[in-house]
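Residue-level structure breakdown
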Amino acid sequence: MESQGVPPGPYRATKLWNEVTTSFRAGMPLRKHRQHFKKYGNCFTAGEAVDWLYDLLRNNSNFGPEVTRQQTIQLLRKFLKNHVIEDIKGRWGSENVDDNNQLFRFPATSPLKTLPRRYPELRKNNIENFSKDKDSIFKLRNLSRRTPKRHGLHLSQENGEKIKHEIINEDQENAIDNRELSQEDVEEVWRYVILIYLQTILGVPSLEEVINPKQVIPQYIMYNMANTSKRGVVILQNKSDDLPHWVLSAMKCLANWPRSNDMNNPTYVGFERDVFRTIADYFLDLPEPLLTFEYYELFVNILGLLQPHLERVAIDALQLCCLLLPPPNRRKLQLLMRMISRMSQNVDMPELHDAMGTRSLMIHTFSRCVLCCAEEVDLDELLAGRLVSFLMDHHQEILQVPSYLQTAVEKHLDYLKKGHIENPGDGLFAPLPTYSYCKQISAQEFDEQKVSTSQAAIAELLENIIKNRSLPLKEKRKKLKQFQKEYPLIYQKRFPTTESEAALFGDKPTIKQPMLILRKPKFRSLR
């Protein structure tokens with residue numbers, strides 16, 4: 001099940017819940033079951049439901065293959081609690097579901113969750129609040145008249161240069177002296193530019209549905225852009241906002257394991273599990289998630305871009321969104337992602353859980369301290385797990401400073417200072433990121449392309465063996481014989497006859513002589 005029917009917008013987690021419950025009700029196979037010497041029709045076992053729902057979630061781009069069977073059981077329990085399902089006696093409201101043969105059925109109607117209005121006053125008065133008069137430096141618009149209104153995701157370099165030259169030519173006739181910009185002007189330009197870029201990358205007509213523009217604090221963006229180490233990690237001026245020293249030491253210990261495990265550290269069995277538990281307890285005790293409660297809708301909407309052909313778009317969108325975070329949160333997120341990414345890739349890392357691999361443990365442990373809603377949402381754990389998995393794989397790109405944003409702001413301030421524009425909302429002059437999209441193909445075409453690509457690579461390997469002049473003749477014969485054994489069809493295609501194979505070594509083809517048919521002599525009896 002793909003989530004193409006859930007467009008970007010507010011309360012996307014609730015919409016996904018409704019979509020999953022509808023798909024589950026429509027697609028879950030029902031049949032007769034016998035229990036306690038009695039037959040029940042149109043029902044299913046808990047184990048059958050877990051199997052079907054597990055496959056559904058893993059094939060959904062919003063949740064992905066990282067979904068575990070235990071998470072699926074937790075979702076089934078929430079289905080029972082919310083009366084999406086009931087047991088064969090009509091009972092519901094509890095979470096008494098396990099991966100077993102207990103029988104369940106669908107009620108007459110499965111309730112869908114309603115969508116509340118979160119920002120009614122924002123939708124009505126958003127523009128009025130941000131631009132009450134013409135002298136305001138910041139005017140929030142859906143897209144400015146000089147920004148392309150196309151629902152696609154790029155502004156070409158050619159169009160950007162054309163816009164820039166038009167404005168310069170217009171103002172060459174009426175040159176205006178440089179104006180002095182205040183700190184407030186600079187901050188509002190930062191706010192405007194990042195919102196326009198984010199809106200265009202996400203491909204939405206307006207950001208009002210996913211983020212309140214008042215939540216964008218330019219000082220955070222400017223600090224996160226300017227105060228970084230050589231590795232791009234935010235440096236905090238106020239050390240009281242930083243991670244405690246003992247947490248940093250523990251994270252460094254596991255991130256660099258086993259190199260950091262010097263003679264000064266304890267060597268008892270289970271030491272690394274205790275260190276990991278210490279780190280987990282600290283992050284789980286934070287008052288709010290690292291991505292903050294107020295940006296929950298924004299990050300959940302980006303989860304719908306997390307598809308193979310939109311991976312680049314998702315990376316760029318997350319890169320901008322993470323710049324909106326308070327600097328302490330961004331620093332903690334950077335250090336956490338770097339640690340869990342290294343740990344999940346470290347083959348020398350001892351087992352930290354008896355029944356769960358390192359990567360799954362990282363996602364399961366830290367997902368809710370990275371993303372969760374202030375109000376309980378039933379899909380929180382699955383959505384957060386999907387996001388953390390993507391962050392682990394792409395954290396180096398997502399959490400680095402985008403150079404194009406700095407360039408766009410500098411050009412905007414320059415035009416504003418020289419009088420080429422009166423307000424930042426009149427146009428954006430730095431080219432937006434350009435994205436290329438792949439044509440979607442069927443599963444059969446994908447398998448055919450995968451096979452043909454693999455065969456081409458193997459055939460190329462065979463040619464490299466044949467043309468390798470530095471390889472001794474005996475060694476080459478040995479490798480070719482091994483290749484023939486492993487890939488007989490490809491070898492036969494390259495050497496269809498014994499003559500073609502013999503020509504490679506300059507040998508004459510060995511032709512086996514036909515065996516002589518000898519007639520057995522007839523012996524006569526002497527009797």
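Here goes a summary of the coordinates provided. Since the model is a prediction, treat every value here as computed from it, not as a measurement.

**Looking at the overall build of the chain**
Secondary structure assignment for the chain yields 19 helices and 4 strands. Put simply, the chain has 527 residues, and 47% of those count as buried. Taking all contacts inside the chain whose residues are at least 6 apart in sequence as the whole, residues at least 24 apart take part in 69%. Only carbon and sulfur atoms are counted for the fraction: they give 50% of the accessible area of the chain, which is about 30200 Å².

**Observations regarding the nonpolar core**
One finds Phe24, Phe79, Ile85, Phe283, Met337, Phe366 and Leu405 to be the most contacted residues of the largest nonpolar core, which totals 119 residues. A domain split of this core shows at least three residues from each of domain 1 (13–105) and domain 2 (184–413). Aside from chain neighbours lying at most four places away, what touches phenylalanine 24 is Phe44, Ala49, Trp52, Leu53, Leu76, Phe79, Ile85 and Phe106.

**Describing unusual backbone geometry**
Tryptophan 257 connects to proline 258 through a cis peptide bond whose omega is 0°. In this model, phenylalanine 37 sits at a positive phi of 60°, which is unusual for a non-glycine residue. With respect to the element layout, phenylalanine 37 can be found in the loop between β1 (31–35) and β2 (38–45). If you check the backbone angles, threonine 292 has positive phi at about 65° while not being a glycine. Within the fold, threonine 292 resides in the loop between α9 (271–284) and α10 (296–303).

**Re the environment of glutamate 48**
The topology assignment puts glutamate 48 in helix α2 (residues 46–58). Those residues in contact with glutamate 48 that sit more than four places away from it in its chain are Met28, Arg31 and His33. In terms of polar contacts, glutamate 48 uses its side chain to reach the side chain of arginine 31, at 2.6 Å. Engagement of the side chain of glutamate 48 in a polar contact is seen with the side chain of histidine 33, the distance being 3.2 Å.

**Observations regarding the sheet that holds strand β4 (residues 103–105)**
Spatial strand order, β1-β2-β4-β3: 4 strands in an open sheet with antiparallel pairing. The open sheet has two edge strands, β1 and β3 (86–87), and neither has a second partner. Judged from the 4 bridges that link them, β1 and β2 form a sheet pairing that is antiparallel. Residue pairing in the sheet places glutamine 35 in a bridge with lysine 38 of β2.

**A few points about the side chain of asparagine 329**
In this fold, asparagine 329 is placed in helix α12 (residues 327–345). Asparagine 329 sits in the buried class, given a relative accessible area of 13%. Residues contacting asparagine 329, with those up to four places away along its chain left out, are Glu288, Pro289, Leu290 and Thr292.

**Brief notes about the state of the cysteines**
Under the definition given, this model contains 0 disulfides. Looking at the unpaired cysteine 372, the closest cysteine sulfur is the one in cysteine 373, lying at 7.6 Å. We classify cysteine 373 as buried; its relative accessible area is 16%.

**Quick notes on the environment of proline 218**
Among the secondary structure elements, proline 218 is positioned in helix α7 (residues 218–226). Since its relative accessible area comes to 4%, proline 218 is described here as buried. The spacing of proline 218 and tyrosine 192 is 26 residues in sequence and 9.2 Å in space, taken between C-alpha atoms. In this structure, proline 218 is in contact with Glu187, Trp190 and Arg191, ignoring residues within four places of it in sequence.

Reading the values: the criteria
Residues numbered from 1 in each chain as written. Predicted model: local features only at pLDDT ≥ 70, side-chain atom pairs only at ≥ 80, totals over all residues. Heavy atoms only, no water. Helix = DSSP H or I, 4+ residues; strand = E, 2+ residues; numbered from the N terminus. Buried < 20%, exposed > 50% of the residue type's maximum accessible area, 1.4 Å probe, protein only. Contact = heavy atoms within 4.5 Å. Areas by Shrake-Rupley, 256 points an atom, 1.4 Å probe, with all protein chains shown as cover. Core = buried A, V, L, I, M, F, W, Y, C linked by side-chain atoms within 4.5 Å. Domains from an automatic or database assignment. Polar contact = N/O pair within 3.5 Å; in protein donor to acceptor, adjacent residues only side chain to side chain. Pairing = 2+ DSSP bridges. Disulfide = S-S within 2.5 Å.

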